[in-house]
Amino acid sequence: MTKKDGYDFVVVANRLAVNRVTEEDGSTGWQRSPGGLVTALAPLMAASDGAWVGWHGAPDETLEPFDHEDMHLVPVPLSAQEVEDYYEGFSNGTLWPLYHDVIARPDFHRHWFEAYRRVNRRFAENAAAVAAHGSVVWVQDYQLQLVPAMLRELRPDVKIGFFNHIPFPPPGLFAQLPWRHSVLRGLLGADLIGFQRGSDATNFQRAVHNRLGYYVDEDRIHVPTETRAHDEGSPLAGFDADADRGTAARQEAAPDTGSARMVEAKSFPISIDTETITELAQREDIIARAAEIRRELGSPETVLLGVDRLDYTKGIRHRMKAFEELLQEKKLTVGEACLVQVASPSREGVESYQLLKEEIEQTVGRVNGEFDTMGHTAIRYLHHSYPMEEMVALYLAADVMLVTALRDGMNLVAKEYVAARQGDDGVLVLSEFTGAADELRQALLINPHDIDELKAAIVKAVKMDSEDARGRMEVLRRQVVSHNVKRWAREFLDHLEEL
């Protein structure tokens, strides 16, 4: 049951920290989600008397709050129409492509945004209802960008953090969003706004400066506290983009720190649960499974691996094109090399994802039809999701990891591969357009749009001297192991407490 005085630490995320499971006897229960965010925050919630607010995954169903493994869970109900408009629509049809450099065209529909605002309000109200006086509330990701300002109106006593797990676009791209001012003001309801990369934090600061005219001093943004009279851009209302430009200009010309609230926006690069992956990589059954995977592939000299959600931002087509050309040019041959591509299902109800799936499957069929032999396959394509044990076995089986995302907030797969390489061997080919590229500088960094550069990096990785590969991987593993997801969460929350 909910405590009468509320909870000291509240996480607000699109999904709850648990998944519904069916037991052997046919009954249903709940199981903690395996994701890194839950892994990082669950111990903190147990120690800090925490509650987690999120959707439980089933539309048109209302559940009462319940407790599970030292967490109080507050399910937020969503109708099927809201899932379509708020989640598949505005979150993933508008914000996702816009924030990923418009790799795909974003759609702007007013009824999508109205659903987004309505659902964000519901999340904010649920968080306000369970937060203790003076508690810490941490809001997660792009689906809930209006929640901080809404929560601040409802509960000005709480300390609010927000973390954006995906990129934040340059001001020129962000300006395309018709509701750009509402989103900016929604985020500025937080005391601390975290981003994956310094460039993302800078993009946000520039957008605030350009669109709202607020004074920015390094990572600190001066948010005027007396803006309600002219501010129709609240996340709760409509907004004429030109209405307050004069006011914004005056605020920039003469910032008054005495009537401003300080909001800090800076980077806190997220990481992974390195302890779990390291332990799995040392298990004898998983090491044996890795050897079995190589045999199942025909024991090629080199196994190249790609692991992604099936998403147009991940550059899957680019790496397949590069691999195909290397086979055509006979710089690689089937039997010498095999590309394993794991593409877990993603947003299968969205047309652009259906088209991508068809295109990739056609590419795999064409390449394998041309280059397969009786004993070996060119591309082993796996359109499945796998448990972490199988993923770690794949990481151990792979000599080269290909991360060719066209735009990615971080890309934790790159860090998982590094954490699994117990012998400090293996080579990581990494897109410079991932947040991970800022930290993993000993990887082979590439521009995935440059197919020739990508091909050269693959050949270099395949033929790399073992001493060179070990030296690079040793540095990469040291970085990943020392900066794990628990450290990320602790650093963000410690900084929020200090503000």
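Residues numbered from 1 in each chain as written. Predicted model: local features only at pLDDT ≥ 70, side-chain atom pairs only at ≥ 80, totals over all residues. Heavy atoms only, no water.

(A) Examining the overall build of the chain more closely. Per the secondary structure count, the chain includes 17 helices and 18 strands. Computed over its C-alpha atoms, the radius of gyration of the chain comes to 24 Å, within 12% of the 23 Å expected for a compact globule of 499 residues. Each principal axis of the C-alpha distribution contributes one length, and for the chain these read about 75 × 55 × 40 Å. Pairs at least 24 apart in sequence give 75% of the contacts found in the chain among residues at least 6 apart. Of the roughly 20,300 Å² of accessible surface on the chain, 47% is carried by carbon and sulfur atoms. In the chain, the 54 positive side-chain charges and the 79 negative ones have mean positions that sit 3 Å from each other. (Helix = DSSP H or I, 4+ residues; strand = E, 2+ residues; numbered from the N terminus. Rg over C-alpha atoms; globule rule 2.2 N^0.38 Å. Contact = heavy atoms within 4.5 Å. Areas by Shrake-Rupley, 256 points an atom, 1.4 Å probe, with all protein chains shown as cover. Lys, Arg positive; Asp, Glu negative; His and termini not counted. Charge placed at Lys NZ, Arg CZ, Asp CG, Glu CD.)

(B) Up close: the sheet that holds strand 7 (residues 131–140). The strand order 5-6-4-1-7-8-9-12-11-10 describes an open sheet built from 10 strands, whose pairing is mixed. Only two strands of the sheet have a single neighbouring strand rather than two, namely strand 5 (66–68) and strand 10 (215–217). The average angle at which neighbouring strand axes cross in this sheet is 25 degrees, direction not considered. The pairing of strand 7 with strand 8 (residues 159–163) spans 5 bridges and is parallel. Residue Trp138 lies in a different strand from strand 8, and its bridge partner there is Gly161. Where helix 4 (residues 147–154) meets the sheet, its contacts fall on strand 7, strand 8 and strand 12 (260–267), and the angle it forms with strand 8 comes to roughly 170 degrees. (Pairing = 2+ DSSP bridges. Axes fitted to C-alpha atoms, helices over the stretch in contact; angles between N-to-C directions.)

(C) Fine view of helix 16 (residues 466–482). The end-to-end C-alpha distance of helix 16, which contains 17 residues, comes to 24 Å, matching closely the 24 Å that a straight helix rising 1.5 Å per residue would cover. Every buried residue belonging to helix 16 is among Ala469, Arg472, Met473, Leu476, Arg477 and Val480, and all of these are buried. Burial along helix 16 is one-sided: seen end-on, the buried residues are contained in an arc of 135 degrees. The inward-facing, buried residues of helix 16 contact helix 9 (274–281), helix 14 (412–420), strand 17 (427–431), strand 18 (444–446) and helix 15 (451–463). (Expected span 1.5 Å × (residues − 1). Buried < 20%, exposed > 50% of the residue type's maximum accessible area, 1.4 Å probe, protein only. Arc of directions from axis to C-beta.)

(D) Local environment of the packing of helix 9 against helix 13 (residues 388–397). The contact between helix 9 and helix 13 brings their axes to 10 Å, and the two run at 70 degrees. The pairing of helix 9 with helix 13 is recorded here as roughly perpendicular in orientation. The hand of the helix 9/helix 13 crossing is right-handed. Note on element contacts: helix 13 touches helix 9 through Met388, Glu389, Val392 and Leu396, opposite Ile277, Leu280 and Ala281. Residues that form the contact of helix 9 with helix 13 fall into these classes: 6 nonpolar, no polar and 1 charged. (Parallel < 35°, antiparallel > 145°, perpendicular 65-115°, else oblique. Left-handed = near helix turned anticlockwise from the far one by under 90°. Nonpolar A, V, L, I, M, F, W, Y, C, P; charged D, E, K, R; others polar.)

(E) Quick look at the nonpolar core. Val10, Phe123, Leu188, Ile193 and Phe204 are the most contacted members of the largest nonpolar core, which has 99 residues in total. Here the element with the most residues in this core is helix 3 (residues 110–130); it accounts for 10 residues. With sequence-adjacent residues up to four places away left out, Phe204 is seen in contact with Phe168, Leu184, Leu187, Leu188, Ile193, Phe195, Ile221 and Ala265. Core analysis: the second largest hydrophobic core is formed by 68 residues, Val136, Leu280, Val342 and Val392 among them. (Core = buried A, V, L, I, M, F, W, Y, C linked by side-chain atoms within 4.5 Å.)

(F) Helix 6 (residues 180–187), seen in detail. Across the 8 residues of helix 6, 8 count as buried, placing the element largely inside the fold. By the burial criterion, the buried members of helix 6 are Arg180, His181, Ser182, Val183, Leu184, Arg185, Gly186 and Leu187.

(G) A look at the pairing of strand 7. For strand 7, the tally of buried residues reaches 8 of 10 residues, placing the bulk of the element in the interior. Of the pairings in the sheet, the one linking strand 1 (residues 7–15) to strand 7 comprises 5 bridges and is parallel in character. From the neighbouring strand, Phe9 faces strand 7, where its bridge partner is Val136. Crossover handedness for the path strand 7 to helix 4 to strand 8: right-handed. (Right-handed = clockwise from strand over helix to strand, strands pointing away.)

(H) Layout of the sheet that holds strand 17. The parallel open sheet is built from 6 strands, whose spatial order is 15-14-13-16-17-18. Single-partner strands in this sheet number two, and they are strand 15 (379–382) and strand 18. Taking each pair of neighbouring strands and ignoring which way they run, the sheet shows an average axis angle of 20 degrees. Sitting on the sheet, helix 11 (residues 316–328) touches strand 13 (302–309), strand 14 (337–344), strand 15 and strand 16 (400–403), and the angle it makes with strand 14 is about 165 degrees.

(I) Region of interest: the pairing of strand 11 (residues 220–224). Counted residue by residue, strand 11 has 4 buried out of 5 residues, so it is predominantly covered. In this sheet, strand 11 lies alongside strand 10 in antiparallel orientation, the contact comprising 3 bridges. By the bridge assignment, Val216 is partnered in strand 11 with Ile221. Between strand 10 and strand 11, which follow one another and run antiparallel, lie 2 residues, and Glu218 among them has a positive phi close to 55 degrees.

(J) Just the side chain of Gln341, in detail. Inspection of the secondary structure assignment puts Gln341 in strand 14. Of the polar contacts made by the side chain of Gln341, one reaches the backbone oxygen of Gly306; its length is 3.3 Å. In this structure the side chain of Gln341 is engaged in a polar contact, spanning 2.7 Å, whose partner is the side chain of Arg319. Among residues more than four places away in sequence, those in contact with Gln341 are Gly306, Val307, Asp308, Ile316, Arg319, Met320, Arg380, Tyr381 and Leu382. (Polar contact = N/O pair within 3.5 Å; in protein donor to acceptor, adjacent residues only side chain to side chain.)

(K) Local environment of the confidence of the model for the chain. Scored by pLDDT, the chain has a mean of 91; 93% of the residues are at 70 or more. Every residue in residues 228–254 is under pLDDT 50, and counting partners more than four places away or in other chains gives 50 contacts. (pLDDT = per-residue confidence, 0-100.)

(L) A look at the packing of aromatic side chains. Going through the model one piece at a time under the given rule, you end up with 21 aromatic pairs. On the numbers, 5.1 Å between centres and 70 degrees between planes, the contact of Phe268 with Phe492 is edge-to-face. Of the two residues, Phe268 is situated in the loop between strand 12 and helix 9 and Phe492 in helix 17 (residues 485–498); the sequence distance between them amounts to 224 residues. Here the two residues Phe268 and Phe492 agree in accessibility, since each one is buried. Against the face of Trp55 rests Arg15, its NZ or CZ located 5.3 Å from the ring centre. Directly above the ring of Trp96 sits Arg347, whose terminal nitrogen or CZ lies 4.4 Å from the centroid. (Phe/Tyr/Trp six-rings, centres within 6.5 Å; stacked < 30°, edge-to-face > 60°. Lys NZ or Arg CZ within 6 Å of the ring centre and 35° of its normal.)

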